[in-house]
Amino acid sequence: MKVNVIFWSGTGNTEAMANEIVNEINLTGHEGNLIFVGDATLADVDECDVVLFGCSAMGEDELEEEFMRPFMDKANTHLSGKKVGLFGSYEWYEGGWMDIWEEEIKAAGADLIAPGVKAYDFPDDKAMKSCRDLASTAVSN
Ligand SMILES: Cc1cc2nc3c(=O)[nH]c(=O)nc-3n(C[C@H](O)[C@H](O)[C@H](O)COP(=O)(O)O)c2cc1C
């Protein structure tokens, strides 16, 4: 299975989640690719079995506006029937940005493989385990 992990992270919290996910995918003998969203193309969405998007909560429970929001606006048109997973870190509010993002992905026609994985601030052991579980779900889909 080829899994592309496309992420944005301001202070490294979501990046730590992305690293954990990609490491787990590769440890299980599958192909996990870590791609900063600023370097991602729509081919990275199209040419994989599963795509995982990561972004911390920014704005008012929104996606980061310079890279992630514009990329998702394009990617959403490529997600019909696509297996997709979401993850990210939050801190200020209750994690509602993930609910909004899940709804957006589903409205785009994606097959959400699991509930979005949320970490409060830097991912603790439990959040890291959830990241590895998301990786396992991705490669078994
Ligand atoms: C400009 C800015 C806006 C933020 N907006 C939110 C928000 O709307 N909701 C929230 O829960 N956390 C918010 N946060 C907190 C971050 O989501 C939190 O610090 C997160 O752990 C950062 O993860 P990252 O290092 O992957 O970017 C905001 C932080 C910044 C700097």
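Anything mentioned here points back to the structure above.
How each quantity is defined
- Residues numbered from 1 in each chain as written.
- Predicted model: local features only at pLDDT ≥ 70, side-chain atom pairs only at ≥ 80, totals over all residues.
- Heavy atoms only, no water.
- Core = buried A, V, L, I, M, F, W, Y, C linked by side-chain atoms within 4.5 Å.
- Buried < 20%, exposed > 50% of the residue type's maximum accessible area, 1.4 Å probe, protein only.
- Contact = heavy atoms within 4.5 Å.
- Helix = DSSP H or I, 4+ residues; strand = E, 2+ residues; numbered from the N terminus.
- Near = heavy atom within 4 Å.
- Polar contact = N/O pair within 3.5 Å; in protein donor to acceptor, adjacent residues only side chain to side chain.
- Areas by Shrake-Rupley, 256 points an atom, 1.4 Å probe, with all protein chains shown as cover.
- 1 Å grid on protein atoms, 1.4 Å probe; cavity = no way out; pocket = protein on both sides within 12 Å on 5 of 7 lines; lining within 4 Å.
- Sits in = over half its atoms within 2 Å of the grid points.

Participant: Explain the nonpolar core to me, using residue names and the numbers behind them.
Facilitator: Ile 6, Phe 53, Met 68, Leu 79 and Trp 101 are the most contacted members of the largest nonpolar core, which has 25 residues in total. With residues near it in sequence (within four places) discarded, Trp 101 still touches Phe 53, Gly 54, Cys 55, Leu 63, Met 68, Met 72, Leu 86 and Phe 87. Counting 21 residues, the second largest nonpolar core, distinct from the first, contains Val 3, Phe 7, Val 117 and Ala 135.

Participant: Can you explain the environment of Thr 41? Please cite residues and give values.
Facilitator: Tracing the chain through its elements places Thr 41 in the loop between β2 (31-36) and α2 (42-46). Each C-alpha atom of the pair Thr 41 and Ser 56 lies 20 Å from the other, and the pair is 15 residues apart in sequence.

Participant: Give me the side chain of Ser 56: which residues, what numbers.
Facilitator: Its place among the elements puts Ser 56 in the loop between β3 (50-55) and α3 (68-75). Each residue touching Ser 56, except ones within four places of it in the same chain, is listed here: Trp 8, Gly 10, Thr 14, Glu 62, Glu 64, Ser 89 and Trp 97.

Participant: Any chance you could break down the site of the ligand for me, citing the residues and the numbers?
Facilitator: Near the ligand there are 19 residues, and of these Thr 11, Thr 14, Ala 57, Asp 61 and Ser 89 occur at the shortest range. A distance of 2.5 Å separates an oxygen atom of the ligand from a polar atom in the side chain of Thr 11. Here an oxygen atom of the ligand sits 2.6 Å away from a polar atom, N or O, in the main chain of Asp 61. A total of 650 Å² of accessible area belongs to the ligand in isolation, and the protein chains cover 83% of it. One can see that the ligand is located within the largest pocket. Breaking the shell around the ligand down by element, the ones donating at least two residues are α1 (13-27) and β4 (83-90).

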